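# Survey of secondary and tertiary structure
Given next are the chains, with one letter for each unit.
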Amino acid sequence: MKKYWAITNCRVSSDEQLKNNSLNRQRESVLKAAQRLGVIIPKDGQWSGSASSKKGNNFKRKDILEMLDYCKKHRQVKYLIIDEPDRFMRSIKEAFYWETKFEQEVGVKVYYACDDSLNGDDLAAKMMRFTKYFAAEGSNEERQRKSISGDAKAITEGRYPFRPKLGYCKSLKPGIHVVAPEIGDLMKSILLRLSAGLLSLPESLAEYNNSNYVRNGKHCGYKMDKWRKIVTDPYYAGVVEMNRQVKARNEHGLHVPLISLEEHLRIVEIVTKRRKNQNGPRKNGNPDFPLNTITLCKDCYEMEQKSGRVGRRNRGKFVGFKHGNGRTNKVYKRYRCRICGRSILRDELHKEVQEFLAMLDFSSSGRRLLEDALNRVWKAEEESEASKIIKLRNEATNIRRINNELIDKLATTNNATVYRQIEERIEERTKQIEELEDEICEIEERQNNNKQNFIDFALNFADNLGVHFFEIDLSLIKEFKLLLFPEGFFVNSNNKVYTTKISPFYRLREIKKSSEDDKLDLMVRVKRL
Ligand SMILES: [Zn+2]
């Protein structure tokens, strides 16, 4: 079978930077299209250059007239392949003029390599081509779009065409950054210890912010949200990627990584786990059934105990489940004993537990103990806040000193570009100082208001345990149960709730005070809370 030919045209505008990169990319693109079409590109059938495609220039454009001529001589040419429409023309009228002329006079189709949906003869494809030319004619976006696909190409080649990451600096090879002196070593050491669990995330941030590198003003300090992004950046494990309008990723960047991919993944795990703990998504099971595993079926529990199954191995626990009523589409929530299978409506059991809790009195000795513990917790909190304020003040002082130096420098600068750069840095630092001062104010205000609120809230909570029990966060319910009712709740055969052991905080109305030992034990646990 005779193979058809295609000719190609790659073009850069005369003022375009990185001409070679852009031309290479276009060439690759048109070659791929020729492969897809199964056509041959003759050696003398390739045009490239920087002829202007501006509106009005194209009726007599030299390269186009040559191409038309070539097609007249070589009738096996069936395609003129262009990377993108605006590489051909930047004018709607002229583009359609030439598309038509090539087709009518020499039977050659203008073919766009970048997007096959432009190449149809249907209305949709024509509309898309029209839109492209419309944009090209009117807009200055061209260079921007070119540089985006150029960036994506750099990524696939392992280069990183953007600003060097923290710890790296530019080298003679564009896009291949090298480990920077001082800060490179620091980042490597921090990342390695972070991944090995030798540093916590806050410690790693403090170490960076307190390093000489930051203190000497070579770089600004960071806050946690930004720091989190930095330490989990896969670039440090050798990955280059871009997440802009165009996404690209290459795990084999040409730069020297600071850590292995495995170490990077461990850091990601550590950082995301920490965040989870802070935001507190439930980790203690089904929020619909807070009594799961802390409520026991009395008869089955005793039977199990006789046969030696105690503690966690005891299977007499109530577990929540949902069931529907097919006719009414209603969903019922119930707890069911895992051994005998008897079940009780969720709301009914919750009500029983609340009623039982309402029967408890907060003992006066328990009340004193709690107040005491709360005060202690509060004091520890205050101390850590105070040291935080000192740290923030130091930080602000440092930045202020650097800023003053910069202002001095400004006075002696004649070069306008340098002047502007210094001005920008001063502005940046002034903003940092303002942020620090805001933060200090916030902490101080919080300190003044909160102590009494905190203690009032806690005592009120304890006084009305029955009312509040099911409002507690699920993870705390387990803690509370451990603290107040170490044996859990029991449900007898009449569905009445009781417990066998109560903490010294509380007493049933007729229960006597408990021993000193228990109190001490309890204080330890409260401190943990
Ligand atoms: Zn049972």
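Attention here is on the structure that accompanies the text. (Residues numbered from 1 in each chain as written. Predicted model: local features only at pLDDT ≥ 70, side-chain atom pairs only at ≥ 80, totals over all residues. Heavy atoms only, no water.)

## Regarding the side chain of Asp 63
This is how the line gets drawn: By the criteria applied, helices consist of DSSP H or I runs no shorter than four residues and strands consist of E runs no shorter than two, each listed in order from the N terminus. Identification of polar contacts relies on pairs of N or O atoms within 3.5 Å, with a donor-acceptor requirement for protein atoms, meaning one able to donate a hydrogen and the other able to accept it, and with residues adjacent in sequence counted only if both atoms are side-chain atoms.
Within the secondary structure, Asp 63 is located in helix H2 (residues 62–73). Only 3.3 Å separates the side chain of Asp 63 from the side chain of Asn 9, close enough to count as a polar contact. Within the local environment of Asp 63, its side chain forms a polar contact with the side chain of Arg 61, the two groups lying 2.9 Å apart.

## Concerning the coordination of the zinc ion
Note the cut-off: Metal donors were taken as nitrogen, oxygen and sulfur atoms no farther than 2.8 Å from the ion, or 3.2 Å where the ion is Na, K or Ca. Water is excluded, so coordination may look unfinished. Here the metal geometry follows the donor angles, with tetrahedral for four donors whose angles all fall between 85 and 135 degrees, square planar for four and octahedral for six when opposite donors are more than 155 degrees apart and every other angle is between 65 and 115, and irregular for all the rest. Relative accessible area decides the class of each residue, using a 1.4 Å probe on protein chains only: under 20% of the type maximum gives buried, over 50% gives exposed, and in between gives partly exposed.
Every protein donor of the zinc ion is listed here as Cys 297 (SG), Cys 300 (SG), Cys 337 (SG) and Cys 340 (SG), and their distances to the metal cover 2.3 to 2.4 Å. One can describe the donor arrangement at the zinc ion as tetrahedral, given that its four donor atoms subtend angles of 104 to 119 degrees at the metal. Along the chain, the residues donating to the zinc ion fall in the pattern C-x2-C-x36-C-x2-C. Of this pair, Cys 297 sits in strand E9 (residues 295–297) while Cys 340 sits in the loop between strand E11 (330–337) and strand E12 (343–345); the two residues are 43 residues apart in sequence, bridging distant segments of the chain. Residue class for Cys 297 comes out buried when judged on its relative accessible area of 1%.

## Here we look at the packing of aromatic side chains
Each aromatic ring pair is described using two quantities: the centre-to-centre distance and the angle formed by the ring planes. Worth spelling out the cut-off: Working definition: rings of Phe, Tyr and Trp (its six-membered ring) pair if their centres are within 6.5 Å, and the pair is stacked with planes under 30 degrees apart, edge-to-face with planes over 60 apart, and tilted otherwise.
Taken as a whole, this structure holds 15 aromatic pairs when the rule is applied. An angle of 25 degrees between the planes, with centres 5.6 Å apart, marks the rings of Tyr 208 and Tyr 222 as stacked. Here Tyr 208 is found in helix H8 (residues 201–209), whereas its partner Tyr 222 is found in the loop between helix H9 (212–215) and helix H10 (224–231), with 14 residues between them in sequence. Judged by relative accessible area, Tyr 222 falls into the buried class, the value being 15%. Centre to centre, the rings of Phe 289 and Tyr 335 are 5.2 Å apart; their planes meet at 80 degrees, and the pair counts as edge-to-face.

## Examining the pairing of strand E8 (residues 247–250)
Put simply, the rule reads: Pairing between strands is defined by DSSP: at least two bridges between the two strands are required.
Residue alternation in E8 divides its side chains into a buried set, Ala 248 and Asn 250, and an unburied set, Lys 247 and Arg 249. Direction of pairing for strand E7 (residues 240–243) relative to E8: antiparallel, over a ladder of four bridges. From the neighbouring strand, Val 240 faces E8, where its bridge partner is Asn 250.

## Focus on the sheet that holds strand E3 (residues 77–82)
Backbone hydrogen bonds are what pair the strands of a sheet, in a parallel or an antiparallel way. Using the following cut-off: As a rule, the C-alpha atoms of each element are fitted with a line to give its axis, helices using only the stretch in contact, and angles between N-to-C directions run from 0 to 180 degrees. By definition in these notes, contact holds between two residues if any of their heavy atoms fall within 4.5 Å.
Spatially, the four strands line up as an open sheet ordered E2-E1-E3-E4, and their pairing is parallel. With one partner strand each, in any of the chains shown, strand E2 (46–49) and strand E4 (109–112) form the two edges of the open sheet. Ignoring which end each strand starts from, the neighbouring axes of this sheet average 20 degrees apart. By the bridge criterion, four bridges tie E3 to E4 in an arrangement that is parallel. Across the sheet, residue Ile 81 finds its bridge partner in E4, namely Tyr 111. Set on the sheet, H2 makes contact with strand E1 (5–11), E2 and E3; between it and E1 the angle comes to about 175 degrees.

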